[in-house]
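Take a look at the letters that make up each chain.
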Amino acid sequence: MPQIKKNSKVMNMKLDASVYDKLDRFCTETGLTKTVATERILDKYLTDYFEQPENQRSLF
């Protein structure tokens, strides 16, 4: 049965080698692909960020 295509956008980026190594280790341990892991990590971070009142938002 064919896979259903999801609505997506292509994003290319360069990551610091240490961040890439952590992502690679995370994916090895969890069995997730880098795409799925990155989507989930970004979604969680951005959801938490936007749930904060605008005057309390910070990057760290």
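Please refer to the structure placed before this passage.
Basis of the calculations
- Residues numbered from 1 in each chain as written.
- Predicted model: local features only at pLDDT ≥ 70, side-chain atom pairs only at ≥ 80, totals over all residues.
- Heavy atoms only, no water.
- Helix = DSSP H or I, 4+ residues; strand = E, 2+ residues; numbered from the N terminus.
- Rg over C-alpha atoms; globule rule 2.2 N^0.38 Å.
- Buried < 20%, exposed > 50% of the residue type's maximum accessible area, 1.4 Å probe, protein only.
- Lys, Arg positive; Asp, Glu negative; His and termini not counted.
- Charge placed at Lys NZ, Arg CZ, Asp CG, Glu CD.
- Salt bridge = Lys/Arg side-chain N within 4 Å of Asp/Glu carboxyl O.

Draft legend 1. The arrangement of the overall build of the protein in detail. Broken down by element type, the protein carries 2 helices and 0 strands. The C-alpha radius of gyration computed for the protein amounts to 15 Å, which surpasses the reference 10 Å derived for 60 residues by more than 25%, pointing to a less compact arrangement than a globule. Looking at the protein as a whole, 5% of its 60 residues qualify as buried. A gap of 6 Å separates the mean positions of the 10 positive and 9 negative side-chain charges of the protein.

Draft legend 2. Seen up close, the pattern of salt bridges. What the rule picks out here adds up to 4 salt bridges. Among the ionic pairs, lysine 6 bridges to glutamate 39, the shortest N-O distance being 2.7 Å. Taken together, the positions of lysine 6 in the segment before helix H1 (17–30) and glutamate 39 in helix H2 (residues 34–51) put the pair 33 residues apart, joining distant regions of the chain. A relative accessible area of 39% means that glutamate 39 is categorised as partly exposed. Of the charged contacts, one joins lysine 34 and aspartate 24 as a salt bridge, the two residues approaching to 3.1 Å between their closest N and O atoms. Highlighted residues: lysine 34 in helix H2 and aspartate 24 in helix H1, separated in sequence by 10 residues.

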